[in-house]
Amino acid sequence: MWWRVVIIFLAYVLIGAHFLRFGQTEACIAFALSPLLLFIRAAWATRLLQLGLVVSAVLVWGLSSFEYIQMRIAADAPWYRLSAIMAAVTAFTLLAAWCGNGIIEKRSKRKIFS
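Bear in mind that the values here come from a model prediction, so they are computed numbers and not experimental data.

With that settled, the discussion passes to the overall build of the protein chain. Along the backbone of the protein chain there are four helices and zero strands. Shown N-terminal to C-terminal, the secondary structure of the protein chain runs as helices and strands in the order α-α-α-α. Overall, the protein chain is about 65 × 25 × 20 Å in size when its C-alpha atoms are taken along their principal axes. For the protein chain, the proportion of its 114 residues judged to be buried stands at 35%. Residue pairs in contact within the protein chain that sit at least 24 positions apart in sequence constitute 71% of those at least 6 positions apart. Accessible surface, the protein chain: about 7500 Å² in total, of which carbon and sulfur atoms supply 71%. The centroid of the 11 positive side-chain charges in the protein chain is displaced by 20 Å from the centroid of its 4 negative side-chain charges.

Written out as structure tokens, the structure is:
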């Protein structure tokens, strides 16, 4: 289960780094500290993290990909590699959201007094 936590942590730090690149320090800190919700053992906390990852995959990585690729096309620069990298980052973020299901499942199978 530890690897699921690491993947979720890396996905949130990657999103935070994206915001830090544009000088949005508050958003960077918020995203970098979000995985601390995993210490709350309730399912709603993990679901909230999953929702944040899915929304970020669409609104952050999807829109950024579109904008960056359009800039490259307008400048007559190669854009295929950029599209592959951004697709991989989006897929990694969605993979991290999917990993949250395993955390919820493992926590629900644990018994408190066993």
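Still to come is the rest of the account.
So, on to the nonpolar core. Ranked by size, the top nonpolar core spans 21 residues in total, and within it Ile8, Tyr12, Ile15, Leu53, Trp61 and Ala96 carry the most contacts. When contributions to this core are tallied by element, the ones reaching two or more residues are helix H1 (2-21), helix H3 (43-74) and helix H4 (80-109). Top contributing element to this core by residue count: H4, with seven residues. Other than its neighbours up to four places away in sequence, Ile15 contacts Phe31, Leu53, Ser56, Trp61 and Thr93.

Here the focus is the packing of H1 against H3. Between H1 and H3, the shortest axis-to-axis distance is 11 Å and the interhelical angle comes to 45°. Between H1 and H3, the angle is such that the two are oblique. With respect to the hand of their crossing, H1 and H3 are arranged in left-handed fashion. Contacts between H1 and H3 pair Ile8, Ala11, Tyr12, Leu14, Ile15, His18, Phe19 and Arg21 from the former with Leu48, Leu49, Gly52, Leu53, Ser56, Val60, Trp61, Ser64 and Tyr68 from the latter. When the residues that make up the contact of H1 with H3 are grouped by side-chain class, the tally is twelve nonpolar, four polar and one charged.

Of note, Ser34 is situated in the loop between helix H2 (25-33) and H3. In sequence terms Ser34 and Gly16 are 18 residues apart; their C-alpha atoms lie 9.8 Å from each other. Ignoring anything within four residues of it in the chain, the contact list for Ser34 reads Tyr12 and Leu49.

Moving on to the packing of H3 against H4. Where H3 contacts H4, the axes come no closer than 9 Å and their chain directions differ by 175°. Here H4 runs roughly antiparallel to H3, going by the angle between their axes. Across the contact of H3 with H4, the residue classes tally to 16 nonpolar, nine polar and three charged.

This brings us to a nonpolar patch on the surface. A cluster of nonpolar side chains, namely Ile40, Trp44, Leu48, Leu51, Val54, Val55, Val58, Leu59, Leu63 and Leu94, defines an oily patch on the protein surface of about 910 Å² accessible area. No other element matches H3, which puts eight residues into the nonpolar patch. In this structure, Leu48 sits in helix H3.

Reading guide: rules and limits
Residues numbered from 1 in each chain as written. Predicted model: local features only at pLDDT ≥ 70, side-chain atom pairs only at ≥ 80, totals over all residues. Heavy atoms only, no water. Helix = DSSP H or I, 4+ residues; strand = E, 2+ residues; numbered from the N terminus. Buried < 20%, exposed > 50% of the residue type's maximum accessible area, 1.4 Å probe, protein only. Contact = heavy atoms within 4.5 Å. Areas by Shrake-Rupley, 256 points an atom, 1.4 Å probe, with all protein chains shown as cover. Lys, Arg positive; Asp, Glu negative; His and termini not counted. Charge placed at Lys NZ, Arg CZ, Asp CG, Glu CD. Core = buried A, V, L, I, M, F, W, Y, C linked by side-chain atoms within 4.5 Å. Axes fitted to C-alpha atoms, helices over the stretch in contact; angles between N-to-C directions. Parallel < 35°, antiparallel > 145°, perpendicular 65-115°, else oblique. Left-handed = near helix turned anticlockwise from the far one by under 90°. Nonpolar A, V, L, I, M, F, W, Y, C, P; charged D, E, K, R; others polar. Patch = residues over 30% accessible without salt bridge, like charges linked within 9 Å, V, L, I, M, F, W, Y side chains within 5 Å. Salt bridge = Lys/Arg side-chain N within 4 Å of Asp/Glu carboxyl O.

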